Amino acid sequence: MNLKRARLFFFDADGTLWDFKYKIKFNRKRTIKEAHLTKSLIPLLKKLDNKKISCKILTYQEGKDKNYLKHKLRIWLNNFNILNFFDEIILSDKYKSKNILKIIKSTGLKKNQCFFIGDRYKWDYLEAKKAGIKCFLLNKKENQIFRVKLFSLKDILNLIED
């Protein structure tokens with residue numbers, strides 16, 4: 001796969017930028033103390049930054065108060081010292097493809113210059129595909145049932161030429 005033309009990477013948040021030390025019940029709020037950055041994230045973000053490739057967070061967030069949710073996400077990014085790597089944070093409804101297409105159009109980029117990194121087949125991979133861009137689906141246990149190539153962040157890092 002050729003990433004020479006890459007100019008924009010969309011990242012999902014939970015499960016992509018960070019993960020949690022252990023599984024918890026779905027209805028309990030997770031705290032930053034329980035989270036850790038995904039392996040190889042920092043080297044990938046640094047490489048993209050050095051190559052002047054734009055990085056945006058596009059994540060699905062439920063809730064009515066989007067400003068509060070965006071503020072909370074900024075706090076997490078700041079605590080992990082990765083906020084400065086991202087140009088923009090977009091909170092999406094469950095149809096990320098609409099946001100992807102809107103952002104691509106506003107930047108003037110072509111679809112083959114944009115990529116998505118996510119951990120959920122339905123909400124990341126299929127939405128990126130619907131928008132016409134390549135998605136790197138992370139190699140997580142729950143994704144191994146799908147017939148798509150799975151990646152680690154290190155795999156993506158190695159695809160980006162120096």
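For every chain, the first residue of the written sequence is number 1, and numbering continues from 1 onward in sequence order. Local features in this predicted model are restricted to residues whose pLDDT is 70 or higher, and side-chain atom pairs enter the listing and the counts only when it is 80 or higher, whereas totals over whole chains, interfaces and linings include all residues. To get the side-chain values, take all heavy atoms of the structure and skip hydrogens and water.

### Regarding the state of the cysteines
At step 1: By convention in this document, the label disulfide applies to cysteine sulfur atom pairs within 2.5 Å. One pass over the full model with this rule turns up zero disulfides.
At step 2: Lacking any disulfide linkage, Cys55 is separated from the closest cysteine sulfur, that of Cys114, by 12 Å.
At step 3: Note on exposure labels: buried denotes an accessible area under 20% of the residue type's maximum, exposed denotes more than 50%, and partly exposed covers the range between, all computed with a 1.4 Å probe on protein chains only. The exposure class assigned to Cys55 is buried, which follows from its relative accessible area of 1%.
At step 4: Between Cys135, a free cysteine, and Cys114, which holds the nearest cysteine sulfur, the sulfur-to-sulfur gap is 13 Å.

### Re the packing of aromatic side chains
Two aromatic rings, taken as a pair, are described by how far apart their centres are and by the angle between their planes.
At step 1: Stacked, tilted and edge-to-face pairs are distinguished by plane angle, under 30 degrees for stacked and over 60 for edge-to-face with tilted covering the rest, among Phe, Tyr and Trp rings (Trp via its six-membered ring) whose centres lie within 6.5 Å. Summed over all chains, the structure comprises 14 aromatic pairs.
At step 2: Between the aromatic rings of Trp18 and Phe80, the centroid separation amounts to 5.7 Å while the plane-to-plane angle is 25 degrees, which identifies the pairing as stacked. Highlighted residues: Trp18 in strand S2 (residues 18-20) and Phe80 in the loop between helix H2 (66-79) and strand S5 (88-92), separated in sequence by 62 residues. With respect to burial, Trp18 and Phe80 carry one shared label: buried.
At step 3: A centroid spacing of 3.8 Å and a plane angle of 5 degrees characterise the contact between Tyr121 and Phe146, whose relative ring orientation is stacked. With Tyr121 in helix H4 (residues 121-131) and Phe146 in the loop between strand S7 (134-138) and strand S8 (150-151), the pair connects residues that are 25 residues apart, well separated along the chain.
At step 4: Given the relative accessible area of 22%, Tyr121 is considered partly exposed.
At step 5: Three or more aromatic residues joined by ring pairs make a cluster, and in this case those are Phe9, Phe11, Phe86, Phe115, Phe136 and Phe151.
At step 6: Sitting above the plane of the Phe136 ring, Lys134 keeps its charged end 5.6 Å from the centroid. Going along the chain from the N terminus, every DSSP run of H or I of four or more residues is numbered as a helix, and every run of E of two or more is numbered as a strand. Criterion for a charge above a ring: Lys NZ or Arg CZ within 6 Å of the ring centre, and within 35 degrees of the ring normal.

### Topic: the sheet that holds strand S6 (residues 114-118)
At step 1: Read from one edge to the other, the open sheet built from six strands follows the order S5-S4-S1-S6-S7-S8, with strand pairing classed as parallel. Every interior strand has two partners, whereas the edge strands, S5 and S8, have only one.
At step 2: We call two strands paired when DSSP finds no fewer than two bridges between them. Both S6 and S7 contribute to a ladder of four bridges, which runs parallel. By the bridge assignment, Phe115 is partnered in S7 with Lys134.
At step 3: Against the sheet, helix H3 (residues 96-107) makes contact with strand S1 (8-11), strand S4 (54-60), S5 and S6, and its axis sits at roughly 155 degrees relative to S4, the strand it touches most. The contact definition used throughout considers only heavy atoms, calling two residues in contact when any of these lie within 4.5 Å. Whenever a helix is involved, its axis is fitted only over the stretch in contact; in every case the axis is a line through C-alpha atoms, and angles between N-to-C directions fall within 0 to 180 degrees.

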